Amino acid sequence: MSLSYTELRRDLASSLARFLPKEEAVAESWIWLAEGLGKDKAWLLSNGSEAASGPDRERIGQWLRRRREGEPWSYLIGWAPFREKRWKVTPDTLIPRPETELVLEAALEVGRRLGVKRVVDIGTGSGILGVCMALETDWAVTATDFSSGALAVARENAQVLGAKLDFFEGDLLDPVPDPLELVVSNPPYVDEADRPTLQRELDFEPASALFSPDRGLHHASVLLFQAWDRGAKACVLEMGAGQGGDLCRRALTAGWKKAMVHQDLAGHDRVLVALA
Ligand SMILES: C[S@@+](CC[C@H](N)C(=O)[O-])C[C@H]1O[C@@H](n2cnc3c(N)ncnc32)[C@H](O)[C@@H]1O
């Protein structure tokens, strides 16, 4: 039976809507056609009645099977949006989340206020924080990760977006040379105990990018201690909902003079700003 591209897109939206909210399903169906088959809205408006080719139908069918298993669409397509840019992502990298823009905004504000010249992004993943800071400031930016796969993707994103920064592989602040001024990170912060209740899409992301011992607080706590110990002026960290009180206490215990929590639009604790 021949199926036009317009019908293929509509059928895809209905199939996706069996396991996704309807609006998301429709939005994804357009993205799949544009990104996967090179047939965007403009093309479909003029040529949508053309019969869909066998290989195109097969490709959409294969993706649908993977998506139904819970694989995030960003891994199917190979990119995710952040700060109005496209970022290459692979199963080695976390998929950027919109709330991480709050970390970026806080880091830019704090860094400008303190007049810093050097900043490090710890656990850079696809590179979003380090690369955006390199593009939006004249700071010397260093980005690290202990995953060589993630670093390769971050390097590629930096190159494609024209950002100049240094990359180091290693554990937290260990590979970063002194002096430190501003430490920024979206560290793993999910509590292992929450694993059974999480969306199944998270199963496809690297566990080492998500989970942290000590109720999700281990990586952030170590960073706060290391950054203070090495004389940083400020530390800006993403955190999980409800972690603000604990992390403020740990920041003050580490030696920081001030610790503040910024909440996201849903009213959840999201960013810790610690100042020396
Ligand atoms: C939550 S992801 C954040 C990725 C990216 N910054 C973002 O916001 O999308 C955490 C990142 O930290 C890295 N990571 C985890 N443990 C680490 C460690 N001990 N030292 C360095 N990087 C680590 C993971 O590989 C992952 O890329």
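In this report, the structure presented in the accompanying data block is examined. Computed from a predicted structure; not experimentally measured.

The rules behind the values
Residues numbered from 1 in each chain as written. Predicted model: local features only at pLDDT ≥ 70, side-chain atom pairs only at ≥ 80, totals over all residues. Heavy atoms only, no water. 1 Å grid on protein atoms, 1.4 Å probe; cavity = no way out; pocket = protein on both sides within 12 Å on 5 of 7 lines; lining within 4 Å. Points joined across faces, edges and corners; volume = space filled by probe spheres on them. Helix = DSSP H or I, 4+ residues; strand = E, 2+ residues; numbered from the N terminus. Nonpolar A, V, L, I, M, F, W, Y, C, P; charged D, E, K, R; others polar. Near = heavy atom within 4 Å. Polar contact = N/O pair within 3.5 Å; in protein donor to acceptor, adjacent residues only side chain to side chain. Areas by Shrake-Rupley, 256 points an atom, 1.4 Å probe, with all protein chains shown as cover. Sits in = over half its atoms within 2 Å of the grid points. Core = buried A, V, L, I, M, F, W, Y, C linked by side-chain atoms within 4.5 Å. Buried < 20%, exposed > 50% of the residue type's maximum accessible area, 1.4 Å probe, protein only. Contact = heavy atoms within 4.5 Å.

This part is about the layout of surface pockets. The volume enclosed by the largest pocket comes to roughly 1100 Å³. R97, E99, Q199, L202 and E205 are the residues nearest the centre of the largest pocket, which is lined by 42 residues in total. At the level of secondary structure, the elements contributing two or more residues to the lining of the largest pocket comprise α2 (22-37), α5 (73-77), β1 (79-82), β7 (190-191) and α9 (207-210). Residue composition of the lining of the largest pocket, by class: 22 nonpolar, six polar and 14 charged. Along the walls of the second largest pocket sit 32 residues, with G123, D145, N186, P188 and A209 positioned nearest its centre.

Okay, the site of the ligand next. Residues in close proximity to the ligand total 18 residues, the closest being G123, D145, D171, L172 and N186. A distance of 2.9 Å is found between a nitrogen atom of the ligand and a backbone nitrogen or oxygen belonging to L172. Here an oxygen atom of the ligand sits 2.8 Å away from a polar atom, N or O, in the side chain of N186. For the ligand, whose free accessible area comes to 590 Å², the fraction covered by protein is 97%. Taken atom by atom, the bulk of the ligand overlaps the second largest pocket.

A word on the nonpolar core. Ranked by internal contacts, the top residues of the largest apolar core, which has 32 residues, are M133, W139, L165, L182, V184 and V236. At the level of elements, α6 (100-114), α7 (128-136), β4 (140-145), α8 (148-161), β6 (182-185), β9 (234-238) and β11 (269-275) are the ones that each hand at least two residues to this core. With sequence-adjacent residues up to four places away left out, L182 is seen in contact with A107, V110, G111, V116, R118, V119, V120, W139, A234, C235 and V236. The next biggest cluster of nonpolar side chains, apart from the first, holds 23 residues, and it includes L173, L223, C248 and W256.

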